[in-house]
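If you want the building blocks of each chain, they are given just below.
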Amino acid sequence: TELGLGAVTGVFTSVAICPFEVLKVRLQLNHDLVDAGPAALLRELRSLVGSEGLSGLYRGIGSLVCRDVPYNTLFYGSYESLCTLFMRLTGVQRKEELATGWVFLSGGLGGCIGWSLVLPFDVVKTRVQSGAESRALPLVRRIVATEGVQGLFRGWTAAGV
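Presented here is a report on the structure given in the accompanying data block. Keep in mind that this is a model prediction, so the values were computed, not measured.

### Quick notes on the overall build of the protein
Here is step 1 of the chain: Along the protein, the regular secondary structure elements total six helices and zero strands.
Here is step 2 of the chain: By principal-axis analysis of the C-alpha atoms, the protein measures approximately 60 × 40 × 30 Å.
Here is step 3 of the chain: Within the span of the protein, comprising 161 residues, buried residues form 35% of the whole.
Here is step 4 of the chain: Expressed as a percentage of contacts within the protein between residues at least 6 apart in sequence, the contacts between residues at least 24 apart total 68%.

### Remarks on helix 4 (residues 100-129)
Here is step 1 of the chain: In a regular helix each residue adds 1.5 Å, so 30 residues correspond to 44 Å; helix 4 covers only 37 Å between its end C-alpha atoms and thus falls short of that length.
Here is step 2 of the chain: Approximately 55° is the largest bend angle found in helix 4, and it occurs at Val118, with the proline Pro120 only one to four residues beyond.
Here is step 3 of the chain: Residue Gly131 follows helix 4 closely and has a positive phi angle near 95°.

### Description of the packing of aromatic side chains
Here is step 1 of the chain: Across all of its chains, the model carries five aromatic pairs by this definition.
Here is step 2 of the chain: Their ring planes at 15° and their centres at 5.9 Å tell us that Tyr71 and Phe75 sit as a pair that is stacked. Of the two residues, Tyr71 and Phe75 both sit in helix 3 (residues 61-90), four residues apart, roughly one turn of that helix.
Here is step 3 of the chain: For Tyr71, a relative accessible area of 16% translates into the label buried.
Here is step 4 of the chain: With a centroid separation of 6.0 Å and an interplanar angle of 15°, the aromatic rings of Phe75 and Tyr79 are classed as stacked. A residue pair is termed a helical-turn pair when its members lie 3 or 4 positions apart in one helix, as Phe75 and Tyr79 do in helix 3 at four residues.
Here is step 5 of the chain: Overall, the relative accessible area of 18% leaves Phe75 in the buried class.

### Considerations on the environment of Cys112
Here is step 1 of the chain: Within the fold, Cys112 resides in helix 4.
Here is step 2 of the chain: Sequence separation between Cys112 and Thr146 is 34 residues, and the spatial gap between their C-alpha atoms is 27 Å.

### Observations regarding the nonpolar core
Here is step 1 of the chain: The biggest cluster of nonpolar side chains holds ten residues, and these are Tyr71, Phe75, Tyr79, Leu82, Cys83, Phe86, Met87, Val92, Leu98 and Val118.
Here is step 2 of the chain: Of all the elements, helix 3 adds the most residues to this core, at seven residues.
Here is step 3 of the chain: Not counting chain neighbours up to four residues away, the residues in contact with Tyr79 comprise Lys95, Val103, Ser106 and Gly107.
Here is step 4 of the chain: If you look at the next biggest cluster of nonpolar residues, it comprises seven residues, including Leu119, Val124, Leu139 and Leu152.

What counts as what
- Residues numbered from 1 in each chain as written.
- Predicted model: local features only at pLDDT ≥ 70, side-chain atom pairs only at ≥ 80, totals over all residues.
- Heavy atoms only, no water.
- Helix = DSSP H or I, 4+ residues; strand = E, 2+ residues; numbered from the N terminus.
- Buried < 20%, exposed > 50% of the residue type's maximum accessible area, 1.4 Å probe, protein only.
- Contact = heavy atoms within 4.5 Å.
- Expected span 1.5 Å × (residues − 1).
- Bend = angle between axes of the 7 residues up to and from the residue.
- Phe/Tyr/Trp six-rings, centres within 6.5 Å; stacked < 30°, edge-to-face > 60°.
- Core = buried A, V, L, I, M, F, W, Y, C linked by side-chain atoms within 4.5 Å.

The structure is reproduced here in structure tokens:
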């Protein structure tokens, strides 16, 4: 059940957060940015919609869905499995009885498992949303050809922590 709910959650969250992800990536790449406050966000929003229309806010939605659906599926599935494992190891019958530390550990490990497996999709999503690329599959081929497979895992240490 958690796996299916995680997948459905991934679709809905992708649609909801895509505009914010696009704006975040654009602001992160703007080296001339002095003010990173709400005014800069609104300027970037106007610029993006002015140049690409509303569809620009959903640049990279395919890559985002490819990241978030498996991530949520893996995270919730891993989290529940780890909680069950720790319940057995500590002899408790219900998750509510599990010590907070075990619950935190389950969530942290679930997040590491999820990000470790979907990070390539995140790398592609970020590059597509930056405006530097428009098609995911040719981008994946180019990353592997020029950076090796490890290029698809750029940022793993930060994501895993």
